[in-house]
Amino acid sequence: DGGITQSPKYLFRKEGQNVTLSCEQNLNHDAMYWYRQDPGQGLRLIYYSQIVNDFQKGDIAEGYSVSREKKESFPLTVTSAQKNPTAFYLCASSGASGRAVEADTQYFGPGTRLTVL
Amino acid sequence: SQQGEEDPQALSIQEGENATMNCSYKTSINNLQWYRQNSGRGLVHLILIRSNEREKHSGRLRVTLDTSKKSSSLLITASRAADTASYFCATDSRGQGGSEKLVFGKGTKLTVNP
């Protein structure tokens, strides 16, 4: 049963705490992405990774960190430096690698809703 | 940096009617993609149209692309209540190191009334 999973579905954080959101895929995709979605808004790119052990900042990377130690996994840490972290976080993957000449179709996980208390 | 902009922001129609959503973008693209999002869920890919294509069909979906006007439209024919969702266009954008990434618009919220 192939796909992309995110956990937890809901996450509550106290101010000043770091939290890590999980994203796992078994689609054998090279590229993985993290997006943030605020109510009534589109998706904004936080970080993306085209290959293991490499990642690039997206449009809103401040206050976030990632790692890509395994092809299947791309966890996102929301640090205390992120001033307004309450949002819906979406992870995606695609088959495109750094050799792609155009963006490939992206497959999304179900999302994690993070609320800061 | 948001490239695609959907229009209208919200659309309410009756079941059986057609729904048309538009997307405009600013810079040259390799392809344009449409995605659907049910409330509180992840996005699902609907269709990809390349810059050298003008029209593409998939079931009840029809997508057109006009690169001279930098615009695309998504038509859903004979709509059903289950089509109620937000629809996003996404355009590809060259990022660091030559890698490609998608830039999403803010979406059109479609409501299909039974």
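Remember, predicted model here, so these are calculated numbers, not experimental data.

**Student:** Go over the overall build of chain A with me, naming the residues and quoting the values.
**Tutor:** The helix and strand tally for chain A stands at 0 helices and 11 strands. Traced from its N-terminal end to its C-terminal end, chain A shows the element sequence β-β-β-β-β-β-β-β-β-β-β. Relative to the 2.2 N^0.38 estimate, which gives 13 Å for 117 residues, the radius of gyration of chain A is 14 Å and therefore close to what a compact globule would have. In terms of overall dimensions, chain A has a C-alpha envelope of 40 × 30 × 30 Å along the principal axes. Counting every position in chain A, which comprises 117 residues, the buried fraction comes to 53%. The contacts in chain A between residues at least 6 apart in sequence include a share of 56% that link residues at least 24 apart. Total accessible area computed for chain A in this model is approximately 5,600 Å², and 48% of it derives from carbon and sulfur atoms.

**Student:** Help me get a handle on the pattern of salt bridges, residues and values and all.
**Tutor:** All chains considered together, the criterion is met by 8 salt bridges over all chains. Here Asp83(B) and Arg36(B) are joined by a salt bridge, their closest N and O atoms 4.0 Å apart. Taken as a pair, Asp83(B) in the loop between strand E8 (71-76) and strand E9 (85-94) and Arg36(B) in strand E4 (residues 31-37) lie far apart in primary sequence, 47 residues in all. Of the two residues, Asp83(B) and Arg36(B), neither departs from the other in class, the shared state being buried. Linked by salt bridges that have partners in common, Arg36(A), Asp38(A) and Arg44(A) make up one network.

**Student:** Just give me the short version of the pairing of strand E5 (residues 43-51) of chain A, but keep the residues and values in it.
**Tutor:** All names here are of chain A. Buried residues dominate E5, accounting for 7 of its 9 residues. Pairing between strand E4 (residues 31-37) and E5: 6 bridges, direction antiparallel. In the strand pairing of E5, Tyr-35 is matched with Leu-45. The turn linking E4 back onto E5 is made up of 5 residues, and Gly-40 within it adopts a positive phi angle of 70°. As paired strands, E5 and strand E6 (residues 54-57) are joined by 3 bridges and run antiparallel to one another. The partner of Tyr-47 across the bridge, within E6, is Lys-57. Linking two consecutive strands that pair antiparallel, namely E5 and E6, is a turn of 2 residues; a positive phi of about 65° is found at Asn-53 within it.

**Student:** Quick rundown of the layout of surface pockets? Include the residues and the values.
**Tutor:** Computed from the structure, the largest pocket encloses a volume of approximately 560 Å³. The wall of the largest pocket is formed by 25 residues, among which Gln37(A), Gly40(A), Gln41(A), Ser86(B) and Lys109(B) lie closest to the centre. Elements with a minimum of two residues in the lining of the largest pocket: strand E1 (5-7), E9 and strand E11 (108-113) of chain B. Looking at the lining of the largest pocket element by element, the count peaks at 4 residues for E11(B). The class makeup of the residues in the lining of the largest pocket is 5 nonpolar, 13 polar and 7 charged.

**Student:** Give me the lowdown on the state of the cysteines, citing residues and values where you can.
**Tutor:** The tally for this structure, following the rule as stated, stands at 2 disulfides over all chains. Each sulfur of the disulfide joining Cys23(A) and Cys91(A) lies 1.9 Å from the other. In this structure, the disulfide formed by Cys23(A) and Cys91(A) twists by about -75° around the S-S bond and is classed as left-handed. On the criterion of sequence distance, the pair formed by Cys23(A) in strand E3 (residues 19-25) and Cys91(A) in strand E9 (residues 87-94) is long-range, its members being 68 residues apart. Two residues share a disulfide in this structure: Cys23(B) and Cys89(B), whose sulfurs sit 2.0 Å from each other. Negative torsions about the S-S bond denote left-handed disulfides, and the value of about 65° found for Cys23(B) with Cys89(B) makes this one right-handed. Here Cys89(B) lies in strand E9 and Cys23(B) lies in strand E3 (residues 19-24), a separation of 66 residues in the sequence. The two residues Cys23(B) and Cys89(B) agree in class, both being buried.

**Student:** So, the sheet that holds E3(B): which residues are in play, and what are the values?
**Tutor:** All names here are of chain B. With antiparallel pairing, the 5 strands of this open sheet are ordered in space as E1-E3-E8-E7-E6. In this open sheet, the two edge strands, each paired with only one partner strand, are E1 and strand E6 (55-58). In this sheet, adjacent strand axes meet at a mean angle of 20° when their direction is disregarded. Pairing of strand E7 (residues 61-66) with E8 involves 6 bridges; the strand directions are antiparallel. Across the sheet, Val-63 pairs through a bridge with Leu-74, a residue of E8.

Parameters and conventions
- Residues numbered from 1 in each chain as written.
- Chains lettered and ligands numbered in written order.
- Predicted model: local features only at pLDDT ≥ 70, side-chain atom pairs only at ≥ 80, totals over all residues.
- Heavy atoms only, no water.
- Helix = DSSP H or I, 4+ residues; strand = E, 2+ residues; numbered from the N terminus.
- Rg over C-alpha atoms; globule rule 2.2 N^0.38 Å.
- Buried < 20%, exposed > 50% of the residue type's maximum accessible area, 1.4 Å probe, protein only.
- Contact = heavy atoms within 4.5 Å.
- Areas by Shrake-Rupley, 256 points an atom, 1.4 Å probe, with all protein chains shown as cover.
- Salt bridge = Lys/Arg side-chain N within 4 Å of Asp/Glu carboxyl O.
- Pairing = 2+ DSSP bridges.
- 1 Å grid on protein atoms, 1.4 Å probe; cavity = no way out; pocket = protein on both sides within 12 Å on 5 of 7 lines; lining within 4 Å.
- Points joined across faces, edges and corners; volume = space filled by probe spheres on them.
- Nonpolar A, V, L, I, M, F, W, Y, C, P; charged D, E, K, R; others polar.
- Disulfide = S-S within 2.5 Å.
- Axes fitted to C-alpha atoms, helices over the stretch in contact; angles between N-to-C directions.

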